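Architecture and fold: a report
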Amino acid sequence: MREWTREERYRVLESPEDIRALYERIRQSDYRQLYHVQPVTGLSSDPNGFALHRGVWHLCYQWCPWGAVHGLKYWYHVTSPDLVHWSNAGIGLAPDRDYDNRGAHSGSAISRGDELVYFYTGNHRDEDWTRTPYTCAAVMGDDGRPKKLDAPLFGPRDDHSEHQRDPKVVWNPDKQAYYIFIGAQTLDKRGCVMVYRSRALLEGWEFAGELKVPGYEAFGGMWECPYITRIGGKDVLIFSPQYTKLPGRGESTNHNVYFIGRMDYDTLTFTPDGPFRHLDYGFDFYAAQGAFIPDGDPDVGILMAWIGLPDNHYPTEEEDWEGSLSLPRELRVANGRLIQTPIPAVKALRGAELPAEGALPAACALEVGCPGDDFELSLFTRADGSGGLRLRYDAARRVCTVDKRGMDKRFNAQVGEVLDMPLDAPLTKLEIYADRSSVEIFANDGEATFTTHLYPTGREFNYTASEGLDVHIWPMARSVTDEFVV
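About the criteria used
Residues numbered from 1 in each chain as written. Predicted model: local features only at pLDDT ≥ 70, side-chain atom pairs only at ≥ 80, totals over all residues. Heavy atoms only, no water. Salt bridge = Lys/Arg side-chain N within 4 Å of Asp/Glu carboxyl O. Helix = DSSP H or I, 4+ residues; strand = E, 2+ residues; numbered from the N terminus. Buried < 20%, exposed > 50% of the residue type's maximum accessible area, 1.4 Å probe, protein only. Pairing = 2+ DSSP bridges. Axes fitted to C-alpha atoms, helices over the stretch in contact; angles between N-to-C directions. Polar contact = N/O pair within 3.5 Å; in protein donor to acceptor, adjacent residues only side chain to side chain. Contact = heavy atoms within 4.5 Å. Arc of directions from axis to C-beta. Phe/Tyr/Trp six-rings, centres within 6.5 Å; stacked < 30°, edge-to-face > 60°. Lys NZ or Arg CZ within 6 Å of the ring centre and 35° of its normal.

1. Side note on the pattern of salt bridges
- According to the stated counting rule, one finds 34 salt bridges in the structure shown.
- A salt bridge links Glu440 to Arg329; its shortest N-O distance comes to 3.1 Å. With Glu440 in strand E29 (residues 438-443) and Arg329 in strand E21 (residues 329-334), this pair connects stretches of sequence that are 111 residues apart.
- Between Arg350 and Glu367 there is a salt bridge, with its nearest N and O atoms 3.1 Å apart. Here Arg350 is found in the loop between strand E22 (337-342) and strand E23 (363-369), whereas its partner Glu367 is found in strand E23, with 17 residues between them in sequence.
- According to the relative accessible area criterion, Arg350 is buried, its value standing at 16%.
- Among the residues examined, Glu367 registers a relative accessible area of 18% and is labelled buried.

Dropping the structure here:
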């Protein structure tokens, strides 16, 4: 694995020509996706600034242009008319002010009239490399280019550690006020969320307090990417706890979880209806962000996440790129849990159904009817049926175990290569989307999901299925442009 110097990682992108040759090289990779958002070059990570604005979907991702490394972060901007067909739009935010001199880090967006307003963390470092995080804003008008405010909205608080980032902005009509939720860490290294409040969007922000979640005062060491929304009459709190191991999750210390419950804005207390649940049970799912949708359906949310994890490493690092974003998912609340399904429009990318004869395209969709008893399904096996991504269902336990140890390209083995996806109901249906270097599994119409990177070699494009499984396969068309726009 390449060792990057600080100077290489934090180099400023002066011109598109600085990375054109890198783009031309990586676009030839066998693992470039067809229908998932991915970096134009280098590294993509957290989804940012996700919003519907004047009929167009806007999305950014954290981007380090130089390679598969966490260094100087930009926001890279993509747009879509329908959440399926995405086009590259170039740099959304660049770290070009003193208050963000070492990175435009994660945040959110809100559509207000003719303006789309971005909120992000400005990562400032001084000559001694001491970090100061600022909460910043930029306004995008008709020209499509965000204009930053002259100064940050506010700086960090010294009663918390330097880890204060990822502002999520929400409007509460009952209080006639805006709130910013910021992922944070206490001085004694406990994860938390800081809350700010203002009656105006771009001024007057005051610290309101720390979000209280009874029973979870010492859960994890940092809560990244907090997101709070209301779906189907229930409040939902989503965040990514770091620096902690959770039962059944191997050696990973980075997770994405959620609560369903009730948010009290007077006391800044989120009271869960029950214990936390994993947002996704897979190896590679993190930093999920919901979209701001003006006048959206109160029963449905839209969410995307980074297919990847901090500190993990992936085979395409050797090609100087890494990462992609999940399919957009519709969120609903039912039976005390979030139901996640691919947006319906994704099915329009399916070509003519293929014969279920044991072969898989690199980019495909599968629907599998399950008989209700034990079974095995192995994807991307060798021609003789060996290896592959193995799904094994235990009907008595209602658990689907996913095992990637059989793949030729193994990665992050020290974190774990086998994980369980538990279910409340018997498993009757799987909907699976594979796209050259990722696989997303939706069980029982979204009761549980499992997302992983996967890098099949030339001999791994077959599958095997237990007798009784009803397998249907479709090739998937390209819907994401891979054009060089910077």
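Continuing now.
2. Quick notes on the sheet that holds strand E18 (residues 286-290)
- The strand order E18-E19-E21-E22 describes an open sheet built from four strands, whose pairing is antiparallel. Where the open sheet ends on each side, the last strands, each with one partner, are E18 and E22. Going across the sheet, the axis of each strand differs from the next one's by a mean of 40°, ignoring polarity.

3. Re the sheet that holds strand E25 (residues 388-394)
- Strand order in the open sheet made by the five strands is E27-E26-E25-E24-E31, with antiparallel pairing throughout. What marks the edges here is a single partner per strand, and that holds for strand E27 (418-422) and strand E31 (462-465). Along the sheet, successive strands turn relative to each other by an average axial angle of 15°, direction set aside.
- Relative to strand E26 (residues 399-406), E25 is paired through six bridges, and the arrangement is antiparallel.

4. A few points about the pairing of E22
- In terms of burial, E22 is largely enclosed, as six of its six residues are buried.
- The pairing of E21 with E22 spans six bridges and is antiparallel. Its bridge partner being in E22, Ala334 is matched across the sheet by Arg337.
- The hairpin turn running from E21 into E22, its antiparallel successor, is two residues long, and Asn335 in that turn takes a positive phi close to 55°.

5. Some words on the pairing of E25
- Where strand E24 (residues 375-381) meets E25, five bridges bridge the pair, whose relative direction is antiparallel. Counterpart to Ser378 in the pairing with E25 is Arg390.
- The turn linking E24 back onto E25 is made up of six residues, and Gly385 within it adopts a positive phi angle of 90°.
- What sits between the antiparallel neighbours E25 and E26 is a turn of four residues, in which Arg398 has the positive phi angle 55°.

6. Some details on the side chain of Asp435
- Within the secondary structure, Asp435 sits in strand E28 (residues 429-435).
- Only 2.9 Å separates the side chain of Asp435 from the backbone nitrogen of Leu34, close enough to count as a polar contact.
- If near-sequence neighbours (up to four positions away) are discounted, Asp435 is found in contact with Gln33, Leu34, Tyr35, His36, Ala362 and Ala363.

7. What to know about helix H2 (residues 17-26)
- For H2, the set of buried residues is Ile19, Leu22, Tyr23 and Ile26. Viewed along the axis of H2, the buried residues span an arc of 105°, placing them on a single side of the element.
- At its buried positions, H2 is contacted by strand E1 (42-53), strand E2 (56-64) and strand E20 (321-322).

8. Considerations on the packing of aromatic side chains
- In total, this model carries 29 aromatic pairs according to the counting rule given.
- Ring centres of Trp75 and Tyr120 lie 6.2 Å apart, and the angle between their planes is 70°; this geometry places the pair in the edge-to-face category. Separated by 45 residues along the polypeptide, Trp75 in strand E3 (residues 74-80) and Tyr120 in strand E6 (residues 115-125) bring together distant segments of the chain.
- Accessibility expressed as a relative area gives 0% for Trp75, which makes it buried.
- On the basis of relative accessibility, which here comes to 0%, the residue Tyr120 falls in the buried class.
- Ring geometry for Phe181 and Tyr265: centres 6.4 Å apart, planes at 75°, overall edge-to-face. Within this pair, whereas Phe181 is found in strand E10 (residues 177-186), its partner Tyr265 is found in the loop between strand E15 (257-264) and strand E16 (269-272), the two being separated by 84 residues in sequence. A single burial state applies to Phe181 and to Tyr265, both of which are buried.
- Taken together through their ring pairs, the aromatic side chains of Tyr216, Phe219, Trp223, Phe239, Phe259 and Phe276 make up a single cluster.
- In this structure, Arg6 is placed above the aromatic ring of Trp129, and the distance from its NZ or CZ to the ring centre is 4.0 Å.
- Taking the ring centre of Phe207 as reference, the NZ or CZ of Arg157 above it sits at 3.8 Å.

Keep in mind these values describe shape, not function.
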